[in-house]
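Structural characterization, general
Spelled out, the chains give:
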Amino acid sequence: MRAIRSIALLLALLPATLLSAEPRPPWTASQINGSPYAPESYRITPAFPNIHFSKPSCIEEIPGANRLLITEIGGKLLSLVKNPKVRKADVVLDLAKTIGNGVSVFDADFHPQFLQNRQLFLCYVHPKQRCTHVSRFVMSATSPPTIDPASEQVILSWPRGGHNGGCLEFGKDGYLYISTGDGSGPNPPDGLTTGQDLSDLLGAVLRIDVDDTEHDRAYAIPPDNPFINTEGARPEIWAYGLRNPWKFGIDHLTGEVFAADNGWETWEMVHRLASGGNCGWPVMEGRAILRSDVKVGPTPIRPPIKDHHHSEANSVIGGPVYRGAKLPDLVGAFIYGDYITGTIWALRSEGNETFSHQTLIDTDQRITSFTEGSQGELYLIDFDYTGKIYELSPSGLPDRSADFPRLLSETGLFNSLTDLKPAAGVVPYNVRVPRWMDGASAKRWIAIPNDDSVKLTSNGEGTIYPNGTVLVKHLSLDDAGLKEPIRLETQLLHFEKGSWRPYSYLWNDEGTDATLVNSIGANRSLQVTDKAGVRHERTWRVSASNECKLCHNAGSRFVLGFAANQLEDQLSHLTSQTILQNAPTVPPELQLVDPHDQQQRLDDRARSYLHANCSMCHHPSGNAIVSFYLKRDLPFEKLNTNKGTGIGTFGMRNAKLIAPGDPYRSVLMYRMSKLGYARMPYIGSQLVDSAGVALVSKWISSLPSTSTVGASPPTQSDSLEARALARLVKNTAETRESRDAAIQTLLQSTEGSLALLAQLHSNALSEPDKASTIAIGSEVTNKNISGLFETFLPESRSGSRLGANIDPRLILELPGDATRGKLIFHSDGARCKACHDPRDKSKSIGTTLVDINVKYKEPAEILQQVLNPSLRIDESLASYLILTNRGKTVTGLIEKKTDTEVVLKTAEQKQIRIPTVEIEELRKSSKSLMPDQILSDLTAQEAADLLAYIRSFHTSE
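Residues numbered from 1 in each chain as written. Predicted model: local features only at pLDDT ≥ 70, side-chain atom pairs only at ≥ 80, totals over all residues. Heavy atoms only, no water.

Considering the overall build of the protein chain
Scanning the protein chain for helices and strands turns up 19 helices and 41 strands. When each of the 957 residues of the protein chain is scored for burial, the buried share is 56%. Within the protein chain, contacts between residues separated by at least 24 positions form 59% of all contacts whose residues are at least 6 apart in sequence. Entry remark: accessible area of the protein chain is about 40500 Å², with carbon and sulfur atoms responsible for 51%. (Helix = DSSP H or I, 4+ residues; strand = E, 2+ residues; numbered from the N terminus. Buried < 20%, exposed > 50% of the residue type's maximum accessible area, 1.4 Å probe, protein only. Contact = heavy atoms within 4.5 Å. Areas by Shrake-Rupley, 256 points an atom, 1.4 Å probe, with all protein chains shown as cover.)

Here it is as structure tokens:
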């Protein structure tokens, strides 16, 4: 009966046009073709279109055989002839047959003298021995080649873990380089605390001689390995401080080693490795301090040569340093990509320790490996979207970006924007569980050119969309002071030539049309009136294109809302409209319900909410940091949430991702409830969903508790916090003073604050108690606690952080207050005063504020340099790195350089004198000493105030 009522309610809410049984007319008005951006320099095409693999992990060319070798995670090694018409891949070896199921193959590489000795080296996880092996095998000279499993000789092993690394590359020196991971899962970061520890093989790149033996080892240690004489260190280690370098590349001309390393929550890194080099993990995540509790290893930390914020990359995959003749513009470049976004980049040295960076192409592929072919081909392989091998080549495409519609009215999707009347053939649809969109509501349409239709499957796998399909989501915001909702943005997901591309159109203040937003996203300031009649300012954020792709990617099958379980009540109708070829049956484990329908089961409601809001990232094929899953079809025991985290507990005792029966020590509950740092979702939302938090809190409370050990105080009926909560909820505390005292008691701990917050989000507190809780909670000095109450403050008080993608106009359009800016400049949070004295050059590592104003006459020029500190670096302010012959590194500005010594001034204002005879390398850095994203934690107003203070030292003062 409940299901019938829900369906009836849904049908009552649908537009009359959606209920029409008439087949739709063809959609012939589409103007959405190509891209609004200049064409990419490169393209990828299937190299062997008739062949695909099952979760391939590595691709290499077999020397002298005109064949490629492909490894699959599940244990198979296969080869195929390098002929585009090939229709069959031949099995070389199947480790699953000899070792058993559960084997995981990571990488393979051929011995430099392969044509003489036929040796292949393989890295894989042995499921029974529970360790990662590097083994030598012998490959036959037959065509097709095979490997006798009995030829295996295990060379080296280390314990398996969540991060195994596992890349093998022979260097120019003939030695085998091997990457290992930190041996643990994503959370906590470096759970074994091994990244800076040289006593084991984890978190490192190893270097061994496989052509010799030593002691009881099946290999020898190269005599120039950096830690061969370091007490307690494993002599195999060549570089360390890495998290999970899945693939790295070696320049066989210069011998340089470049590694793409996966970060934790914020950054992805590219390192140029060096003998004895320390990449910083887990003390650093890229250039950001992560775990200051970990002792740094015996050599200084070297920053990455390139880092990517998680708004543009999520799991970087290294490739070769290209030296072929087929792609002359890429010669000498380190090629790498991203497993999640599918973007491919080139990074090349420009001399003087500077590097240039180029985006080659954005793809939809789940890249796991690259290789350079013997004829200069640059191949890449997709993991699980297509499983195919692709070749990179120049695109040669003409620039037709000017033809792409810049206004929503020009797209051919709507006949009228006044009433959002869709064009003929554009069909509306709804979803059962809308994602939380910061209070906005959505209307949705699907547009399919001509009379084509979608072949939809029950779980999304194998769904086929016609070329030119457009999915439309129009967002609007109700305002108590207006008769009509505020039109915010209209989002498009466009399918063309096998790729999905996201676009957003931002509506003007009048609501008459919407303009295409640049790929970096945009902000729009709003004046809104709440239900109480209070008018306040609010900022609406339009996501950057790459932020969209972090959810809409191959792992989530790109399309999130137009899915069988979201359309279950409309499948027959959409089939009759010829939108769908068929109406698939949705199995019970995939079915969704309205999360806020009180008549539905609590477990179904919460699991549906988490599926719609979180599972696009939290699924078994998610990005590198995902360690638990929230998909509806997985039983609770398979969600992998019943575990702790060593960092990111936010003050909770005995915290777990989900602590059954106790939401107040559940990390999931905390992250859903907070803004800024630690916020989930970290993209696509700027406000906390009160109804969602209340629902998840109630659901976690209902889960059978597996243990009462370490239960937080609010769940212990005799605790001080539990009594304080009861006094508030049951109204036994009568005076304002006593009720405020109960609130302050709860705010002494994160657990107590979450318990209080749950009452706040579920509207269980009276209005006076609510106001008092917000006022007191937002002033708590413990940021783990006060950040939970920021969502209840007006934006004018709580502020909206600028974040990673900063539009300078947001700052420049605001009047700044130099007096407030002075307080920001001299605060620790702004990190300005450490390097820039207002007037005294002797106290500045960087330019004084007076000199900044001499050099840059306009506020926009100053702001540009702050936002892009490495854009233009004066020679006098260029930072240099010195590597000594003792393995130490020092970074700073050169104050003095003579034949006998170099004097550096560090960011800490220290002078370091280094005798010339001790300097092994002196190189100029392409990065400014000034950190990137220094304004990201400020609000736009705070940044404007800071700029006004800097400008107050203009020479005309």
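What about the packing of helix α9 (residues 720-729) against helix α10 (residues 736-746)?
Where α9 meets α10, the axes come as close as 9 Å, and the angle between the chain directions of the two elements is 140°. In this view, α9 runs oblique relative to α10, as classed from their interaxial angle. Here α9 and α10 pass one another in a crossing that is left-handed. Packed against α9, whose contacting residues are L720, E721, A724, L725, R727 and L728, the element α10 presents S738, R739, A742, I743, T745 and L746 at the interface. (Axes fitted to C-alpha atoms, helices over the stretch in contact; angles between N-to-C directions. Parallel < 35°, antiparallel > 145°, perpendicular 65-115°, else oblique. Left-handed = near helix turned anticlockwise from the far one by under 90°.)

A look at the nonpolar core
Considering soluble globular proteins, one finds that nonpolar side chains tend to be buried as a cluster. Counting 48 residues, the largest nonpolar core has L610, V696, W699, L747 and L754 as the members making the most contacts within it. Contributions of two or more residues to this core are made by α6 (602-614), α7 (667-673), α8 (690-702), α9, α10, α11 (750-761) and α12 (767-777). If sequence neighbours within four positions are ignored, V696 has contacts with Y609, L610, L668 and M672. One finds L206, V210, W246 and I683 within the second-largest nonpolar core, a separate group that totals 36 residues. (Core = buried A, V, L, I, M, F, W, Y, C linked by side-chain atoms within 4.5 Å.)

Digging into unusual backbone geometry
In this model, S143 is joined to P144 through a cis peptide bond whose omega is 0°. Of note, the bond from W281 into P282 is cis; its omega dihedral lies within 30 degrees of zero at 0°. Despite not being glycine, H215 shows a phi value in the positive range, around 55°. As for its position among the elements, H215 is in the loop between β12 (204-208) and β13 (237-240). A positive phi is found at N654, a non-glycine position, where the angle reads about 50°. Inspection of the secondary structure assignment puts N654 in the loop between α6 and α7. Judged by relative accessible area, which is 51%, N654 ranks as exposed.

A word on the pairing of strand β24 (residues 367-372)
Where burial is concerned, most of β24 is hidden: five out of the six residues are buried. Of the strand pairs in this sheet, β24 and strand β25 (residues 378-382) are connected by five bridges, and their pairing is antiparallel. Note that in β25 the partner of T371 across the bridge is Y379. Taking the residues that link successive antiparallel strands as the turn, the β24-β25 hairpin has five residues, and the phi of G376 there is positive, at about 85°. (Pairing = 2+ DSSP bridges.)

Comments concerning the sheet that holds strand β3 (residues 67-72)
Taking strand neighbours across the sheet as the criterion, the four strands line up as β2-β3-β4-β5 in an open arrangement whose pairing is antiparallel. If you trace the sheet from one side to the other, it starts and ends with β2 (56-62) and β5 (90-94), each paired once. Pairwise comparison of adjacent strand axes, ignoring direction, gives a mean angle of 25° for this sheet. Note that β3 and strand β4 (residues 76-81) share five bridges and pair antiparallel. In the strand pairing of β4, R67 is matched with V81.

With respect to empty space enclosed by the protein
Inspection of every chain in the model, using the stated rule, returns four cavities of 30 Å³ or more. If you add up the space inside the largest cavity, you get close to 60 Å³. Together, Y37, P502, Y503, S504, V517, N518, S519, S543, A544, S545 and C548 line the largest cavity. Only β33 (499-507) and α4 (545-549) provide two or more residues apiece to the lining of the largest cavity. A total of three residues in the lining of the largest cavity trace back to one element, the largest contributor, which is β33. (1 Å grid on protein atoms, 1.4 Å probe; cavity = no way out; pocket = protein on both sides within 12 Å on 5 of 7 lines; lining within 4 Å. Points joined across faces, edges and corners; volume = space filled by probe spheres on them.)

Quick notes on the sheet that holds strand β23 (residues 354-362)
Spatially, the four strands line up as an open sheet ordered β20-β21-β22-β23, and their pairing is antiparallel. Here the strands that pair on one side only, and so sit at the sheet edges, are β20 (316-321) and β23. Averaged over all pairs of adjacent strands, the angle between their axes in this sheet comes to 25°, without regard to strand direction. Note: β20 against strand β21 (residues 334-338), four bridges, orientation antiparallel. By the bridge assignment, I317 is partnered in β21 with G337.

Focus: the packing of aromatic side chains
The way to describe two aromatic rings as a pair is by their centre distance and the angle between their planes. The final tally for this structure, using the stated rule, is 21 aromatic pairs. A ring pair is formed by F650 and Y670, whose centres lie 4.3 Å apart and whose planes are at 10°; its orientation type is stacked. Here F650 is found in the loop between α6 and α7, whereas its partner Y670 is found in helix α7, with 20 residues between them in sequence. We classify F650 as buried; its relative accessible area is 6%. (Phe/Tyr/Trp six-rings, centres within 6.5 Å; stacked < 30°, edge-to-face > 60°.)

Section: the pattern of salt bridges
Going through the model one piece at a time under the given rule, you end up with 30 salt bridges. Ionic pairing is found between E214 and R217, a salt bridge with its closest N-O pair at 2.8 Å. In this structure E214 comes out as partly exposed when scored by relative accessible area, which is 26%. R432 serves as the salt-bridge partner of E568, at 3.4 Å between the closest nitrogen and oxygen. With E568 in the loop between α4 and α5 (571-576) and R432 in the loop between β29 (426-429) and β30 (441-447), the pair connects residues that are 136 residues apart, well separated along the chain. Within this structure, R736, R739, D740 and D769 form a network of salt bridges that share partners. (Salt bridge = Lys/Arg side-chain N within 4 Å of Asp/Glu carboxyl O.)

Quick look at the pairing of strand β11 (residues 176-179)
The alternating pattern of β11 places L176 and I178 and Y177 and S179 on opposite faces, both of which are buried. Bridge count between strand β10 (residues 168-170) and β11: three bridges; the pairing is antiparallel. What sits directly across from F170, in β11, is L176. Between the end of β10 and the start of β11, which pair antiparallel, lie five residues, with G174 showing a positive phi angle near 85°. Where β11 meets β12, four bridges bridge the pair, whose relative direction is antiparallel. The residue of β12 that forms the bridge with Y177 is R207.

Observations regarding the state of the cysteines
Taken as a whole and judged by the stated rule, the model has zero disulfides. Here C548 stays unpaired: no disulfide links it, and the sulfur of C551, its closest cysteine neighbor, is 8.3 Å away. By relative accessible area, C548 is classed as buried at 19%. (Disulfide = S-S within 2.5 Å.)

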